[in-house]
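A look at the structure
One-letter residues, chain by chain:
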Amino acid sequence: MKYALVSGKKTEATKGSKGICPNCGSELTARCGPIRINHWTHTKSSNCDIWWENEKEWHRAWKNYYPDEWQEIIIPDVETGEKHIADVRTNHGLVIEFQHSHIDPEERNSRESFYKNMVWIVDGTRLKRDYLRFLKGQNNFRRTNKQGFFIVDFPDECFPSSWIGSKVPVLFDFRGLESIENLNDLRNYLYCLFPNQNNTEAIVAFVSHDSFIKNTINGDWFKKPQEPQKQVSKTTIQNKTNIRRRESSHYYDPQKGRYVKKRRF
Ligand SMILES: [Zn+2]
């Protein structure tokens, strides 16, 4: 964690210091070394917040775009008494979670149900293949009548499958900690996959890092119309399903020079 309570105040880790965990109340020890970023760990093993992931620089860099008082916010569930630490919660009540490691859909779902008003920022640099798959997939994005918004067919062929079916916006960050000078490089954008997707179609928006940060800080994120689905023509989902079904049931036979049906054994 970035913060512990020291004399009741949110305090960053400095060598040799001790503090109190704002979530579970047990003792924290500062870890300040040459390899990992400065952070606090529980002195004794604890099951403080099962959703907590150890922070890497990417995670910390994102959090630091927001004011200190919005970072690592303890959010209790008044009914169950369950508590979790949100990476960032803005003044407008939006929770922003930064996810570097793999998450299984079940945990993703629980976190979305718990925080409700939230977005994910996903580290798209963890697996090289994720960006390559995105690059290939974005060639087939279809324009909508709203600038910067696209339709992606078969979102599972463009984005990691664990994020398909999310109930909240998921933004993929393929830039990571790199700074990329070429302004046309696609990694200079975040790609926001909107909810209400189905297996054959989803809406994706290009969002610059700066505008995402600015709009979540000033609250404009909520003012932007986020329902482009209503504006696009309903394409023939059934047809697309049929196309894919055909593709997976046939294979290309070079001797015959055409697609032939796969046999069942
Ligand atoms: Zn704790």
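Structural notes, computed from the coordinates. (Residues numbered from 1 in each chain as written. Predicted model: local features only at pLDDT ≥ 70, side-chain atom pairs only at ≥ 80, totals over all residues. Heavy atoms only, no water.)

A separate point is the pairing of strand S11 (residues 149-153). Most of S11 sits out of view: 4 of its 5 residues are buried. Direction of pairing for strand S10 (residues 142-143) relative to S11: antiparallel, over a ladder of 2 bridges. Each residue of the ladder has a partner; that of Arg 142, found in S11, is Ile 151. Of the strand pairs in this sheet, S11 and strand S14 (residues 201-208) are connected by 5 bridges, and their pairing is antiparallel. (Buried < 20%, exposed > 50% of the residue type's maximum accessible area, 1.4 Å probe, protein only. Helix = DSSP H or I, 4+ residues; strand = E, 2+ residues; numbered from the N terminus. Pairing = 2+ DSSP bridges.)

All right, on to the environment of Gly 148 then. Position of Gly 148 relative to the elements: it lies in the loop between S10 and S11. The spatial distance from the C-alpha of Gly 148 to the C-alpha of Val 207 is 7.7 Å, given a sequence separation of 59 residues. The residues touching Gly 148, leaving out its near neighbours within four places in the chain, are Val 204, Ala 205 and Phe 206. (Contact = heavy atoms within 4.5 Å.)

Distances from the zinc ion to its protein donors, Cys 21 (SG), Cys 24 (SG), His 42 (NE2) and Cys 48 (SG), fall at 2.1 to 2.3 Å. Angles of 106 to 115° at the metal separate the 4 donor atoms of the zinc ion, which places the site in the tetrahedral class. In the primary sequence, the donor residues of the zinc ion line up as C-x2-C-x17-H-x5-C. Here the residue Cys 24 occupies a position in the loop between strand S3 (18-20) and strand S4 (27-31), and His 42 occupies one in strand S5 (residues 39-42), the gap between them amounting to 18 residues. Here Cys 24 falls in the partly exposed class, since its relative accessible area comes to 36%. (Donors = N, O, S within 2.8 Å, 3.2 Å for Na, K, Ca; no water. Tetrahedral: all angles 85-135°; square planar, octahedral: opposite > 155°, others 65-115°.)

A few words on the packing of aromatic side chains. Under the criterion given, the structure shown has 25 aromatic pairs. Between Trp 51 and Phe 114, the aromatic rings sit 5.6 Å apart at their centres with planes inclined by 80°, giving edge-to-face as the arrangement. With Trp 51 in the loop between S5 and helix H1 (57-63) and Phe 114 in helix H2 (residues 105-115), this residue pair connects regions lying 63 residues apart in the sequence. Take Trp 51 and Phe 114: they sit in the same class, and that class is buried. Following the ring pairs from residue to residue traces out a cluster consisting of Tyr 131, Phe 134, Phe 141, Phe 150, Phe 159, Phe 172, Phe 174, Tyr 189, Tyr 191 and Phe 206. For the cation-ring pair, Lys 10 lies above Tyr 3, with the distance from its terminal atom to the ring centre recorded as 4.6 Å. (Phe/Tyr/Trp six-rings, centres within 6.5 Å; stacked < 30°, edge-to-face > 60°. Lys NZ or Arg CZ within 6 Å of the ring centre and 35° of its normal.)

Attention shifts here to the environment of Glu 82. Positionally, Glu 82 belongs in the loop between strand S6 (71-76) and strand S7 (83-89). Take Glu 82: its relative accessible area is 34%, and that puts it in the partly exposed class. The sequence separation of Glu 82 and Phe 114 amounts to 32 residues, and the corresponding C-alpha distance is 9.4 Å. When residues no more than four places from it in sequence are discounted, the contact partners of Glu 82 are Trp 51, Ile 75, Pro 76, Asp 77 and Phe 114.

One pass over the structure, following the stated rule, counts 12 salt bridges. Salt-bridge contacts for Glu 55 lead to Arg 60; the nearest nitrogen and oxygen are separated by 2.9 Å. Take Glu 55 and Arg 60: they sit in the same class, and that class is buried. Several salt bridges converge on common partners, so that one network encompasses Glu 55, Arg 60, Lys 63 and Glu 72. (Salt bridge = Lys/Arg side-chain N within 4 Å of Asp/Glu carboxyl O.)

Turning next to empty space enclosed by the protein. It is a probe the size of a water molecule, rolled over the atoms, that shows where empty space is left. Under the defined criterion, the tally for this structure stands at 1 cavity of 30 Å³ or more. Of the volumes computed, that of the largest cavity is approximately 60 Å³. Lining the largest cavity, in full, are Asp 49, Trp 51, Trp 52, Glu 53, His 59, Ile 85, Asp 87, Glu 97, Phe 98, Gln 99, Arg 111 and Tyr 115. With 3 residues, the top contributor of residues to the lining of the largest cavity is strand S8 (residues 95-99). Residue classes in the lining of the largest cavity are distributed as 5 nonpolar, 2 polar and 5 charged. (1 Å grid on protein atoms, 1.4 Å probe; cavity = no way out; pocket = protein on both sides within 12 Å on 5 of 7 lines; lining within 4 Å. Points joined across faces, edges and corners; volume = space filled by probe spheres on them. Nonpolar A, V, L, I, M, F, W, Y, C, P; charged D, E, K, R; others polar.)

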